[in-house]
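Read off the chains here:
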Amino acid sequence: MDFSLNDEQKMMIDTIRRFIAEDLQPLENEVEEKGYLNPEQAAAIHAKGKALGLYALNMPAELGGGGLSNMDRILCEEQFGHTTDILVRRAFGNVYEPLLHCKGEQVERWLKPAIEGKRTCAITITESGAGSDAAGIKTHAKRNEQGQWVLNGSKHFISDGEWSDFFLVSAKTGEKEISMFMVDKGLPGFTVGKDQKMMGLRGTPHLELFFDNVVLEDATLLGEQGQGFKLAMGALNVVRLAQVGARAVGKATHVCEIMLDYANDRKQFNTRIGDFQMVQQMLADSVIEINAARWMVYQAAWMLDQGLDAREQIAMVKVHAAETLGRVVDRAVQVFGGMGFCKELSIERYYRDARIYRIYDGTSEIHRGVIAKSALSFFAARRTFSF
């Protein structure tokens, strides 16, 4: 496998880096202080992202998306890690892969408008009693006497809920059956609850959603009845690799660059702190772990492009990249000392933002269980644990 970058990939990365540096990073402090992104600013970066051809990069080119391979998408997602979550969502879009199962009128109502940036969707799986246990949801949809679907239940921690005008809702349609529906905001019985305030990811809303006898058309069923869990897990698999793994590598790289710059300039006892062996160990460990995580991300993306099953590799990426980010930002606080603990600098924000990576889209503990079970099974069959 060859991970050297061609000229087109280098140009794509350079374009994203400039866009982030010139248009997104200057907005970060304001978003952090206010806790929200100004709608006019959101519209401006949305328009520029589209003009640069950087919107909906994961969607097929024939539908108006970027048509990128998994590897190319990962290269972009790594760069997205250099800025704040809400700015990435508005500038580059967040179009979920299950929408590609749209057919007939669904294509014009939901899929194409999402790719074009005219509509925004959020995926809703998590409930108060169903976090890592995605199959344990209570939200359900049943047919009424007229044969219409009627949706009842609730969701929470729904990222981007405030900006979205429709939602991909996982709901039970049988005792052991989960389906997915496209539910427009504003339907009778559909209520948006409070924004769950978080310690990090300021500016990104995380809403509660309530469904009280929401009547749905047949056209809202995405894919086949009973296919919802498969669609949800497929979406999460991509999210774990791209939006968690690759972005964690990008954010860790960004923090490490700031840390290296500071270690080069800061002096104590008439000596650069970067010359102190204890500081050098923190710098070296960060560089080693970031590069190891990056190659793990690239390998998983390459496997997907080869049509291989990369679920175990993605689980490993999710754990290692998320925990690498946590260790790197912790070291950055230590290298910066008291200033790393001050809100005057961005380091303390990165420290808070990094903590969620070990939790969302499957906790580290859940993924370690997946990895261990797979390794035990693999070893029993082949007497090796090499994947």
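To keep things clear, this report deals only with the structure shown in the data block. (Residues numbered from 1 in each chain as written. Predicted model: local features only at pLDDT ≥ 70, side-chain atom pairs only at ≥ 80, totals over all residues. Heavy atoms only, no water.)

Structural notes on the packing of aromatic side chains
Scanning the model with the defined rule gives 10 aromatic pairs in all. Note on Phe190 and Phe211: the rings are 4.9 Å apart at their centroids and 40 degrees apart in plane angle, and the pair reads as tilted. With Phe190 in strand 6 (residues 190-195) and Phe211 in strand 7 (residues 206-216), this pair connects stretches of sequence that are 21 residues apart. The burial state of Phe190 is the same as that of Phe211; both residues are buried. (Phe/Tyr/Trp six-rings, centres within 6.5 Å; stacked < 30°, edge-to-face > 60°. Helix = DSSP H or I, 4+ residues; strand = E, 2+ residues; numbered from the N terminus. Buried < 20%, exposed > 50% of the residue type's maximum accessible area, 1.4 Å probe, protein only.)

A closer look at helix 6 (residues 105-116)
In an α-helix there are 3.6 residues to a turn, and that puts residues three or four apart on one side. Relative to the 16 Å expected for 12 residues at 1.5 Å per residue, helix 6 spans 16 Å between its end C-alpha atoms, a close match to the ideal helical length. For helix 6, the elements touching its buried residues are strand 4 (166-174), strand 5 (177-184) and strand 8 (221-222). At the exit of helix 6 stands Gly117, carrying a positive phi of roughly 80 degrees. (Expected span 1.5 Å × (residues − 1). Contact = heavy atoms within 4.5 Å.)

Description of the nonpolar core
Membership of the largest hydrophobic core comes to 70 residues, with the highest contact counts inside it found for Ile74, Leu99, Phe166, Leu168, Met182, Leu241 and Val297. If one sorts the elements of this core by residue count, helix 7 (residues 228-265) sits on top with 17 residues. Among the nonpolar cores identified, the runner-up in size contains 19 residues, and Met12, Leu27, Phe80 and Leu87 belong to it. (Core = buried A, V, L, I, M, F, W, Y, C linked by side-chain atoms within 4.5 Å.)

Concerning the pattern of salt bridges
Under the defined criterion, the tally for this structure stands at 31 salt bridges. With a closest N to O distance of 3.0 Å, Lys103 and Glu224 form a salt bridge. Within this pair, whereas Lys103 is found in the loop between helix 5 (85-92) and helix 6, its partner Glu224 is found in the loop between strand 8 and helix 7, the two being separated by 121 residues in sequence. Assessed through its relative accessible area of 46%, Glu224 is described here as partly exposed. (Salt bridge = Lys/Arg side-chain N within 4 Å of Asp/Glu carboxyl O.)

With respect to the environment of Glu348
Looking at where Glu348 falls in the secondary structure, it is placed in helix 10 (residues 347-354). A relative accessible area of 13% places Glu348 in the buried class. With 148 residues separating them in the primary sequence, Glu348 and Gly200 have C-alpha atoms 9.9 Å apart. Discounting chain neighbours no more than four positions away, the residues touching Glu348 are Gly340, Phe341, Cys342 and Lys343. Reaching out from Glu348, the side chain makes a polar contact with the side chain of Arg352 at a distance of 2.9 Å. (Polar contact = N/O pair within 3.5 Å; in protein donor to acceptor, adjacent residues only side chain to side chain.)

Observations concerning helix 10
The buried count for helix 10 comes to 7 of 8 residues, which makes it a mostly enclosed element. For helix 10, the complete set of buried residues consists of Ile347, Glu348, Arg349, Tyr350, Arg352, Asp353 and Ala354. On the buried face of helix 10, the contacting elements are helix 2 (28-34), helix 7 and helix 9 (311-336).

Observations concerning the pairing of strand 4
For strand 4, the tally of buried residues reaches 7 of 9 residues, placing the bulk of the element in the interior. The pairing of strand 1 (residues 121-124) with strand 4 spans 4 bridges and is parallel. Its bridge partner being in strand 4, Ala122 is matched across the sheet by Phe167. Looking at chain direction, strand 4 and strand 5 are connected through 8 bridges and run antiparallel. Residue pairing for strand 5: Phe167 is matched across the bridge by Val183. From the end of strand 4 to the start of strand 5, which pair antiparallel, there are 2 residues. (Pairing = 2+ DSSP bridges.)

Topic: unusual backbone geometry
Non-glycine residue Phe157 carries a positive phi angle of around 60 degrees. Of note, Phe157 is situated in strand 3 (residues 149-159). Overall, Phe157 belongs to the partly exposed group, its relative accessible area being 40%.

Here we look at the state of the cysteines
This structure, assessed with the given rule, holds 0 disulfides. Looking at the unpaired Cys76, the closest cysteine sulfur is the one in Cys121, lying at 19 Å. Its sulfur unpaired, Cys102 is 9.2 Å from the next cysteine sulfur, which belongs to Cys121. Residue classification places Cys102 among the buried positions, given a relative accessible area of 9%. (Disulfide = S-S within 2.5 Å.)

Nothing here speaks to function; it is geometry throughout.
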